[in-house]
Amino acid sequence: MKSSLTFCGILMAVCLLCSDASDSHSLWGKKVKFAGPRCLWQLNPNTAVPALKELTVCTLLRFTIVTEWTGFVYKAPGGRRIELGLQGTGGNVSVFLFEKQVNLKNQLTSGKWYSICVTWSGRTQNLRVYINGDSKVEVLLDPPSSQHLAPNGTLTLGRSHFVSNGGVQLESGKELMGEIGLFRMWAREWSAEEIKGESCADGDVLSWDIRQWEYKCPPPVPDSSLHCAWSLYKIKMWTFMDLPQRAGNCPVSLEKVTRNWLENIFPRNIVVHDISVSSPSRSCHVVNNSAALHMQQPQESWAFSVCDKCFSSEAYVSVDPATPVDMVQANIIALLNVTFSSENLNLTADTYSISILPIESFPAESEPAPTISTAATTTVETGPTQSLQTRPGNVSTTGGPLDLNETAVGPDKFFRVNLNLILTGSPTNPQDVVKKWVKEQLEGNRTMTVLNFIIKEDDRRDMGQGLMITPSQQRKYNCTFHVQEYNINTVEITKDLIYAALTSKYESDSYIIQSTAVLIKQIVPEDCLEESTSTIYGEYFWDTTFPEVTREMVCRKPKSERAYRHCKLDIETDKTSWAEPNMTNCKPLVTISDLENITVTASNAGEVVDMIQGLVDDQLGNSPELSSSDLGAVVEKLNEVVDVSNIKPTVGADIVNIVADILLSKTEITPVAGIVLNLTEKMGNHMDFEDESASVTAPSLALSMVNIAPGEFSGLTFGVSSISPVHNPEIFIDPCFVSEPLPDSDATISLPAALHDLFPPGEVKRTRIQFQFYGTAELFQDPDINNETESTTALNSYIVSASVNSSHISNLKDPVVVTLNHQRAKQQNDNVRCVFWDFRRNAGQGGWNSRGCETRSISPNQTSCRCDHLTHFAVLLDIFKGDISETDSQVLTVISYLGCGISSIFLGITLLTYLAFDKLRRDYPSKILINLSAALLGLCMLFLLDSWLSSFSNYGLCIATAASLHYFLLASFTWMGLEAVHMYLALVKVFNIYVPYYILKFCAVGWGIPLVIVSLILAIDKDAYGSTVPEMANVALQSTDQFCWLQNDVYIYVTVVAFFLLILLCNISVFIVVLIQIKQMRVNNSSANNRTSLQNLRAVASLTVLLGLTWGMGFFSVGPGRVAMLYLFCIFNTLQGFFIFLFHCLMKENVRKQWRDLCCGHLRRNDHSDWSRSVSVGGGHGKNNILVNSDSVASDNTTTRKVSDSSTGSPPNNHQMA
């Protein structure tokens, strides 16, 4: 009866295929239409993107209207910039990764589906873009600070977005008017062959499944043109099983039950392969309604069956013939939606949990390893032995004696573990502590070994906690490693053991380790296959070897030693490969001196080069350099190889590696530099390759050869990017003349089309153009530069060259354009020169010559050269030796920081004094002084903290710091000017001037104008602020440390230099007028003539400090007295805050009286300020504010003027005597 019901259910399920298969969550065979401005298609917040160290993203894209568009945009949590994205304008494509933009021109048209894939690997930092399976661009990115894609970000399709109030909001502009399909993401970098194969595999990070997305636009619609036929699938689901009858036996194996179920309901063209199930659990993940009803039924007196449980399962199936994915998914879901009954057992799959994913391949199955006898020895001289890891013997999975029927030796199991943890405390070496803890946790029972351990600190700071990091603050670490298990336990038990060991909290006296996430995945690496190697140490045969096992072989010489070779497991790819043989204990059978006895022929050229490579490696491994005789022998033999035959690319690569190794060693190569340069050029001309071009790279060295067919030359551009001399450079070739440097290149050379007229005659088949790049100057040692005792000239770029069939090319009608990045930024007074290597100079030894080259400086970091010939080009830097020595620079730096620190302290005391005593701040001059002190205090503090804040390399923080420093500098200048304005109004203008809201207006000007200026700069170009060492800052800080400040010279001259110059001129004018006015007042008042010269000097110094006249010294720090003026500038301006305290706190009698009254309590405070001896100011906002007599420098016997408030009740007196 049940079989009949099952058969009917299957028929009914098949009939459901005629419908739209509403239970299917898959989007395969469907597309998303973007036709309106408010269409939002975003990643479900419950779907998290992990921190990916490599990735592949593929999507289908079709335009209906070609305009500015967005394919997809992924942003880090809270980030404003694009972490990963695809955008464009018309047919142009822009790919974004880590805020880096790569552009491709004229790639797309409307009305056509395009498959666009983006791949990236954190290990190689290569970004590749593929369109319809063809590689369009490959770019080497600078390593980002995080080294992985930011996890848990937000993703939208068809529109860009930003996050506001916890929700995703659409950005205006660049809306896609078209369709998107099959958006997928993988956690690995796909190869070009895999992408070209147009795989239908779904993503393992993000799949084309509606459960991973949310949308507010029309639902996806089917498109028959998007069908993708595939054969391999993985089914994942949760299943509820129940035993409806009280009697009956519970099935022993859930795998057998699941296999029986699937094989009964699937048609013959769907074959079930591997099945894995989880341990059953009473708590169901999710069940359908019928199962839920069963769970809710009241239980009778008999015990609940152990079979009434849920379990998850994974099944791998193949479909033959290959069928469109959407049809397979709908078919299988329909078949699984029917409850299956067999042998008194009901199985019900949860519809929502069913996932049918097309996959690349089935998991590799482990094969039993051959039994290895540890007691056997070999009598063959080079016979291999296999060194096994030490593991416990005679132990069963339960810890008891091993059953004699079990296999004694089997293949080890390997697992990849990703561990995130938090370390609280301050151990000396935190990363070593974490590694030690992991090894102790897993290796304690001697059944596992931790391999390939990598740990990285998650240095993303929580800005909410501030910038200060205390020793006891928590640190987050991300660990990745392999675990080798000695075939003691099952896979599931091993996973449980690893999980339990790593999730247990560890506490010691000084630190605590707590894991936050553990991801364990079994991997099945293949064995390293047998391989034969022929070296200078003899010929060795390495047999097939297990992963993470080291083979041993007897050395040819001496026979008492062993050679080793390890079958290594790569942490990046989880694949095995042979490591280089370890021949440390073996001795070469030949030496470099034996090379002269070897005759080079066309047949053995490759073997000779391999031998030279081994001999050079062996010699440089034991010594930092080659002797002159060994160097000569190596170069001579390489020349024979190049002369005797055409060079294959593999042999050419070995020659380039040999030259690079010698260049990077301490070998004195100058005597044979010309021979080596000719050697590399000859090798490039003799290299035999099938394609139009070939490139060979090695550390600090690169060669590129291009074959040009007759009549097809329209210009050619060669570019190179080099991270460092120890890394292989990256080559860019553009088959056109490009006058601008190629993106991300350190050296670019562009050949004009007119070069075709100078091609050697008689070249019918081809003309070969060769480019060379040298990342080291060892081959280009100019005696004229090196022999100078204090050389002011230095090579300041890499060297790049071009040649045509080794012929001499000169007097070009159109110049060759060479663009070179500087190794050291050009300073203000430095000079750069474009030069070429002249082999005829210095009696044939060679030297730099600038003849025929025109220099055009692009920026302090880049120079463009126009030359009328071909050879090796570079840039020389003539360093300006200024009149400031290194000692003076260090002293000025110390003075700057020390002076600002002292001023900060005394400005704080000044502010505290005037804010603490109410009577001191009743008059306007005191209030102006408080604002000036606050501005100077902010300036000093930010100056002291600037370098520290810039060390965080945080883009937003540096902009905020630079803008704040600029603001307080302008505010300080402005309040100095307002001091002058007040003096002018109080001493020069007519008495009894009514000025309402006097101080309020001053504050609006003093704090508002700087705010307007800084805000305008931020609105126009916020990147004008950044991390640099500006020339203006060098006046006060002779340092090359990072400094957040204005980077644009125009803004510096307009908003700093011009602004201060205007205030300085006004202040000087007021200063002179005030001195004249005081002089006249004293002439009219005979009692004022009793003032001493010291009092007059004090008055002048006080005015000078308040008006900031000492800042004008910066304009006079030129010429012979530059150093002296810089010292005076640094001393007086950094100590301006101290002088304010000195003149307006320490030397003011009324201030001292206030402190004495506070401390002693027996002296009555005087109600007068230094600026006011008669009438104090009440409110600052009265309507009767009148400017009357005031003089900040008047003595007690001098007629004074002041700013008073008539609201105090006392009528203002035009002439009041102190």
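Calculation rules
- Residues numbered from 1 in each chain as written.
- Predicted model: local features only at pLDDT ≥ 70, side-chain atom pairs only at ≥ 80, totals over all residues.
- Heavy atoms only, no water.
- Helix = DSSP H or I, 4+ residues; strand = E, 2+ residues; numbered from the N terminus.
- Buried < 20%, exposed > 50% of the residue type's maximum accessible area, 1.4 Å probe, protein only.
- Salt bridge = Lys/Arg side-chain N within 4 Å of Asp/Glu carboxyl O.
- Pairing = 2+ DSSP bridges.
- Axes fitted to C-alpha atoms, helices over the stretch in contact; angles between N-to-C directions.
- Left-handed = near helix turned anticlockwise from the far one by under 90°.
- Contact = heavy atoms within 4.5 Å.
- Nonpolar A, V, L, I, M, F, W, Y, C, P; charged D, E, K, R; others polar.
- Core = buried A, V, L, I, M, F, W, Y, C linked by side-chain atoms within 4.5 Å.
- Patch = residues over 30% accessible without salt bridge, like charges linked within 9 Å, V, L, I, M, F, W, Y side chains within 5 Å.
- Areas by Shrake-Rupley, 256 points an atom, 1.4 Å probe, with all protein chains shown as cover.
- Lys, Arg positive; Asp, Glu negative; His and termini not counted.
- Charge placed at Lys NZ, Arg CZ, Asp CG, Glu CD.
- Disulfide = S-S within 2.5 Å.
- Parallel < 35°, antiparallel > 145°, perpendicular 65-115°, else oblique.
- Phe/Tyr/Trp six-rings, centres within 6.5 Å; stacked < 30°, edge-to-face > 60°.
- Lys NZ or Arg CZ within 6 Å of the ring centre and 35° of its normal.

*Asks:* Whenever I open this one, the overall build of the protein confuses me. Can you help?
*Replies:* Secondary structure summary: the protein contains 22 helices and 52 strands in total. Counting over 1218 residues, the protein shows a buried share of 49%.

*Asks:* What exactly am I supposed to notice about the pattern of salt bridges here?
*Replies:* A pair can form between side chains of opposite charge whenever their charged atoms are brought close. Evaluated as defined, the whole model comprises 24 salt bridges. Two residues, R211 and D209, come together in a salt bridge whose shortest N-O distance is 2.9 Å. An identical accessibility class is assigned to R211 and D209; each is buried. One salt bridge connects K439 with E443, and the closest N-O pair in it is separated by 3.1 Å.

*Asks:* When you look at the sheet that holds strand β7 (residues 100–104) in this model, what are you seeing that I'm missing?
*Replies:* The strands that make up a sheet pair up through hydrogen bonds in the backbone, lying either parallel or antiparallel. With antiparallel pairing, the 7 strands of this open sheet are ordered in space as β7-β6-β5-β4-β11-β2-β15. The sheet is open, and its two borders are formed by β7 and β15 (213–216), each paired with just one other strand. If you compare each strand with its neighbour and ignore which way they point, the axes differ by 20 degrees on average. In this structure, strand β4 (residues 68–75) lies alongside strand β5 (residues 84–89), joined through 6 bridges in antiparallel fashion. Its bridge partner lying in β5, V73 is registered against G85.

*Asks:* In this structure, what is going on with the pairing of strand β47 (residues 872–878)? I would like to understand it.
*Replies:* Each regular strand displays side chains that alternate between the two surfaces of the sheet. In terms of burial, β47 is a largely internal element, 7 of the 7 residues being buried. Across the two faces of β47 the burial is the same, with H872, A874, L876 and D878 and F873, V875 and L877 all buried. Pairing of strand β40 (residues 793–795) with β47, which is carried by 3 bridges, proceeds in the antiparallel orientation. Across the sheet, residue L795 finds its bridge partner in β47, namely L876.

*Asks:* Can you help me understand the packing of helix α13 (residues 886–916) against helix α21 (residues 1136–1146) in this one?
*Replies:* Relative orientation and spacing of two packed helices are given, respectively, by the angle between their axes and the distance between those axes. Remark: α13 packs on α21, axes separated minimally by 7 Å, with the N-to-C direction vectors making an angle of 35 degrees. Of the two possible hands of crossing, α13 and α21 adopt the one that is left-handed. Mapping the contact onto sequence places I902, S903, F906, L907, I909, T910, T913 and Y914 in α13 and Q1136, G1137, F1138, I1140, F1141, H1144 and C1145 in α21. Of the residues belonging to the contact of α13 with α21, the class tally is 9 nonpolar, 6 polar and no charged.

*Asks:* Explanation requested: the sheet that holds strand β28 (residues 511–523) in the structure shown.
*Replies:* Taking strand neighbours across the sheet as the criterion, the 5 strands line up as β25-β26-β24-β28-β27 in an open arrangement whose pairing is antiparallel. Of all strands in the sheet, those bounded by a partner on one side alone are β25 (448–457) and β27 (506–507). As paired strands, β25 and strand β26 (residues 475–485) are joined by 8 bridges and run antiparallel to one another. Along β26, the bridge assignment pairs E457 with Y477. Sitting on the sheet, helix α6 (residues 430–443) is in contact with β24 (413–425), β25, β26, β27 and β28, with an inclination near 155 degrees to β25. Relative to β28, helix α7 (residues 491–503) is tilted by about 165 degrees, and along the sheet it contacts β24, β25, β26 and β28.

*Asks:* Any chance you could explain α21 here in plain terms?
*Replies:* Residues separated by three or four positions in an α-helix point in the same direction, a consequence of the helix having 3.6 residues per turn. With 8 of 11 residues buried, α21 is to be regarded as a mostly interior element. Among the residues of α21, Q1136, G1137, F1139, I1140, F1141, F1143, H1144 and C1145 are the ones counted as buried. Looking at the packing, one finds that the buried side of α21 touches α13, α14 (924–950), α15 (955–987), α19 (1093–1107), α20 (1122–1134) and α22 (1149–1160).

*Asks:* Looking at this structure, how should I read the nonpolar core?
*Replies:* As a rule of thumb, nonpolar side chains are buried together in soluble globular proteins. Ranked by internal contacts, the top residues of the largest apolar core, which has 84 residues, are L262, F266 and L336. With 6 residues, the single largest contributor to this core is helix α5 (residues 325–336). Not counting residues up to four positions away in its chain, the partners in contact with F266 are I235, V272, V317, I332 and L335.

*Asks:* Help me understand a negative patch on the surface in this model?
*Replies:* Taken together, the side chains of D688, E690, D691, E692 and E712 present a region of like negative charge at the surface. With respect to the helices and strands, the residue E690 is situated in the loop between α11 (673–686) and β34 (693–698). Residue class for E690 comes out exposed when judged on its relative accessible area of 84%.

*Asks:* What is the right way to look at the state of the cysteines in this model?
*Replies:* Between two cysteines, a covalent bond joining their sulfur atoms is known as a disulfide. Applying the stated criterion across every chain, the model contains 7 disulfides. Each sulfur in the disulfide pair C555 and C586 lies 1.8 Å from the other. Since a negative S-S torsion denotes a left-handed disulfide, the C555-C586 link at about -65 degrees is left-handed. One end of the pair, C555, is in the loop between β31 (549–554) and β32 (562–569); the other, C586, is in the loop between β33 (576–578) and α8 (605–622), with 31 residues separating them in the sequence. For C555, a relative accessible area of 0% corresponds to the buried category. Under the relative-accessibility criterion, C586 is labelled buried at 5%. Note that C958 is cross-linked by a disulfide to C1044, the S-S spacing being 2.1 Å. Judged by the sign of its S-S torsion, about -120 degrees, the cystine formed by C958 and C1044 is left-handed. Here the residue C958 occupies a position in helix α15, and C1044 occupies one in strand β50 (residues 1043–1046), the gap between them amounting to 86 residues. Taken as a pair, C958 and C1044 share a single burial class, namely buried. Unpaired in this structure, C940 has its nearest cysteine sulfur neighbour in C900, at a distance of 4.5 Å.

*Asks:* Looking at this model, I keep getting lost on the packing of helix α9 (residues 628–644) against helix α10 (residues 649–664). Mind explaining?
*Replies:* Their axes nearest at 12 Å, the elements α9 and α10 cross at an angle of 160 degrees. Taken together, the axis directions place α9 and α10 in an arrangement best described as roughly antiparallel. Considering only the axes of α9 and α10, their crossing is left-handed. Here L631, V634, L638, V641 and V642 of α9 lie close against α10, whose contacting residues are I655, I658 and I662. Within the contact of α9 with α10, the residues separate by chemical class into 8 nonpolar, no polar and no charged.

*Asks:* So what exactly am I meant to see when it comes to the environment of S693 here?
*Replies:* Along the chain, the position of S693 falls in strand β34. You can call S693 partly exposed: its relative accessible area is 37%. Between the C-alpha atom of S693 and that of N707, which follows or precedes it by 14 residues, the distance is 6.1 Å. Beyond its immediate chain neighbours, meaning those up to four positions away, S693 contacts M705 and V706.

*Asks:* Help me understand the packing of aromatic side chains in this model?
*Replies:* Any pair of aromatic rings gets described here by the distance separating the centres and the angle formed by the planes. For the coordinates displayed, the defined rule picks out 39 aromatic pairs. Look at W41 and Y215: their rings are 4.7 Å apart centre to centre, the planes differ by 15 degrees, and that puts the pair in the stacked class. Separated by 174 residues along the polypeptide, W41 in strand β2 (residues 40–43) and Y215 in strand β15 bring together distant segments of the chain. Judged by its relative accessible area of 0%, W41 is buried. Looking at Y215, the relative accessible area reads 33%, which means it is partly exposed. Judged by centre distance (5.0 Å) and plane angle (85 degrees), the ring pair of F917 and W1155 falls under edge-to-face. Taken together, the positions of F917 in the loop between α13 and α14 and W1155 in helix α22 put the pair 238 residues apart, joining distant regions of the chain. Take F917: its relative accessible area is 5%, and that puts it in the buried class. The cationic tip of R81 hangs over the ring face of Y955; the distance from NZ or CZ to the ring centre is 4.8 Å. One residue, R211, lies across the ring of Y352, its end atom 5.7 Å from the ring centre.

*Asks:* Can you help me understand unusual backbone geometry in this one?
*Replies:* When glycine is set aside, most residues are seen to have a negative phi, and most peptide bonds are trans. For the peptide bond that leads from D320 to P321, omega is 5 degrees, which places it in the cis range. Counting through the fold element by element, P321 comes out in strand β19 (residues 309–324). Residue P558 follows K557 across a cis peptide bond; omega there is -10 degrees. If you trace the backbone, P558 turns up in the loop between β31 and β32. Despite not being glycine, L182 has its phi angle at roughly 50 degrees, a positive value. Relative to the helices and strands, L182 resides in strand β14 (residues 178–186). Assessed through its relative accessible area of 8%, L182 is described here as buried.

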